[in-house]
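One-letter residues, chain by chain:
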Amino acid sequence: MIGAGKCKLNRFCRRLTPIALLCSVSGARALAVDAPLSQDKSDYNLFHRTPVSLMRDMNTDRPDKTESPYTVDAGHYQIESDLFTYTHDRVTTSGDNITVDSWSLGTVNFKVGLYSWADIQFVVDPFNQVHISDSVKHTVTTHSGFGDLTVRFKANLWGNDGGTTAFGVMPFVKIPSNQDGLGNHAVEGGFILPLAVSLPGGWDLGAMTELDLNQNSDNNGYHADFVNSITVGHEIIGRLSGYVEFFSDVSTERDTEWVGTFDVGLNYKLTDNIQLDAGVNLGITDAADDVDPFLGVSVRF
């Protein structure tokens, strides 16, 4: 597989833009109670914050890969971050013997509630390192530094504040800001359609379809990637819940294989505004990373 190491590096950089910066203690403080002016939440916006008494339960886009259709309440903020992520992959096809080990620290998704139905998100990768070892060519390469910036806008179309289903739309654009070859220096983007369904017996189902427009590996144009996922979660005990997920990424670029993963994880709601999580994503196709454990935190304020 010619250029397998480069392809793995490019795919690692793209997946970092889909999340950790541990928030300050002040960000975790209890929310001050505002006197509600109206039960109609459409009155509130970034500069006229939603009263705590009217805020919906905290919802996050992590730790699974399936995005949520729920937005952050107007005038409030949310930090969702990977404290630590490690990815391991070994390529042994076509005579290659390449090992790729990746680390990411402090990747953060900073969300700002604009209206009762919309928020804007800034995904930043402050530090990434990719170590590529080729046993056939006897070479070792390391790339480290700042990653790309991704800006996302989420609009909830229904179900934000109640109901058995919720649906949204989330366009996004990646702005190349990476260092040391950790990205392709191309502007890329797409849109995501997330769905949430409340099932009988306390089960929750999430599904997502996504279209990405990414630059070709040889930098001669763009191609489409079709991403789909489904996740099912349930409370385990008290504030602890878990999920299982299937994720698929099919690219239209020539000679690119299908990426499929099986993902499992846990969420622990420390308070109404602080959530801890941990999990692991397991590759089920040759093109997917073999294993990807992570630890994260989300805070609303």
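Residues numbered from 1 in each chain as written. Predicted model: local features only at pLDDT ≥ 70, side-chain atom pairs only at ≥ 80, totals over all residues. Heavy atoms only, no water.

Colleague: Account for the packing of aromatic side chains, naming residues and giving values.
Modeller: This model, assessed by the stated rule, comprises 7 aromatic pairs. Aromatic pair Trp117 and Phe153: ring centres 6.5 Å apart, planes at 80°, arrangement edge-to-face. Residue Trp117 is located in the loop between β3 (108-115) and β4 (118-124), and its partner Phe153 is located in strand β7 (residues 149-158); the two are separated by 36 residues in the primary sequence. What links up through ring pairs into an aromatic cluster is the set Tyr77, Phe110 and Phe301. The cationic tip of Lys65 hangs over the ring face of Phe247; the distance from NZ or CZ to the ring centre is 4.4 Å. (Phe/Tyr/Trp six-rings, centres within 6.5 Å; stacked < 30°, edge-to-face > 60°. Helix = DSSP H or I, 4+ residues; strand = E, 2+ residues; numbered from the N terminus. Lys NZ or Arg CZ within 6 Å of the ring centre and 35° of its normal.)

Colleague: Before we move on, could you go through unusual backbone geometry and cite the residues and values that matter?
Modeller: The linkage connecting Arg62 with the following residue, Pro63, adopts the cis geometry, with an omega of 10°. Mapping Pro63 onto the fold places it in the loop between α1 (4-16) and β1 (77-91). Phi angles above zero are rare outside glycine, and His138 is one such case at about 55°. For His138, a relative accessible area of 70% puts it in the exposed group. Phi is positive for Asn219, which is not a glycine, with a value near 65°. Among the secondary structure elements, Asn219 is positioned in the loop between β10 (204-215) and β11 (222-237). (Buried < 20%, exposed > 50% of the residue type's maximum accessible area, 1.4 Å probe, protein only.)

Colleague: Describe the layout of surface pockets, and please don't skip the residues or the numbers.
Modeller: Computed from the structure, the largest pocket encloses a volume of approximately 970 Å³. If you go around the largest pocket, you meet 41 residues; those closest to its centre are Met58, Asn59, Tyr70, Asp204 and Asn267. Those elements that provide at least two residues to the lining of the largest pocket are β9 (188-198), β10, β11, β12 (240-251) and β13 (259-271). The greatest single-element share of the lining of the largest pocket, amounting to 5 residues, is contributed by β11. Looking at the lining of the largest pocket residue by residue, the class counts come to 11 nonpolar, 20 polar and 10 charged. (1 Å grid on protein atoms, 1.4 Å probe; cavity = no way out; pocket = protein on both sides within 12 Å on 5 of 7 lines; lining within 4 Å. Points joined across faces, edges and corners; volume = space filled by probe spheres on them. Nonpolar A, V, L, I, M, F, W, Y, C, P; charged D, E, K, R; others polar.)

Colleague: Lay out the pattern of salt bridges in plain terms, naming residues and giving numbers.
Modeller: Taken as a whole, this structure holds 15 salt bridges when the rule is applied. In this structure, Asp161 engages Lys41 in a salt bridge whose closest nitrogen and oxygen atoms are separated by 2.7 Å. In this pair, Asp161 sits in the loop between β7 and β8 (165-175) while Lys41 sits in the loop between α1 and β1, placing the two residues 120 residues apart along the sequence. Sharing partners across several salt bridges, the network here consists of Asp61, Glu67, Glu80, Lys111, Arg152 and Lys154. (Salt bridge = Lys/Arg side-chain N within 4 Å of Asp/Glu carboxyl O.)

Colleague: Outline the confidence of the model for the protein, listing residues and values.
Modeller: Mean pLDDT over the protein works out to 89, with 87% of the residues at or above the 70 mark. Within the model, pLDDT remains below 50 along residues 1-6, and this stretch shows 12 contacts once partners closer than five positions in the same chain are excluded. In the model, residues 15-38 has pLDDT below 50 throughout and makes 69 contacts with residues more than four positions away in sequence or in other chains. (pLDDT = per-residue confidence, 0-100. Contact = heavy atoms within 4.5 Å.)

Colleague: Requested: an account of a nonpolar patch on the surface, with residues and values cited.
Modeller: A cluster of nonpolar side chains, namely Phe226, Ile230, Val244, Phe246, Val250, Trp258, Phe262, Leu282 and Ile284, defines an oily patch on the protein surface of about 750 Å² accessible area. Of all the elements in the fold, those that place two or more residues in the nonpolar patch are β11 and β12. By residue number, the principal contributor to the nonpolar patch is β12, which donates 3 residues. Here Trp258 is to be found in the loop between β12 and β13. Exposure remark for Trp258: the relative accessible area of 39% places this residue in the partly exposed category. (Patch = residues over 30% accessible without salt bridge, like charges linked within 9 Å, V, L, I, M, F, W, Y side chains within 5 Å. Areas by Shrake-Rupley, 256 points an atom, 1.4 Å probe, with all protein chains shown as cover.)

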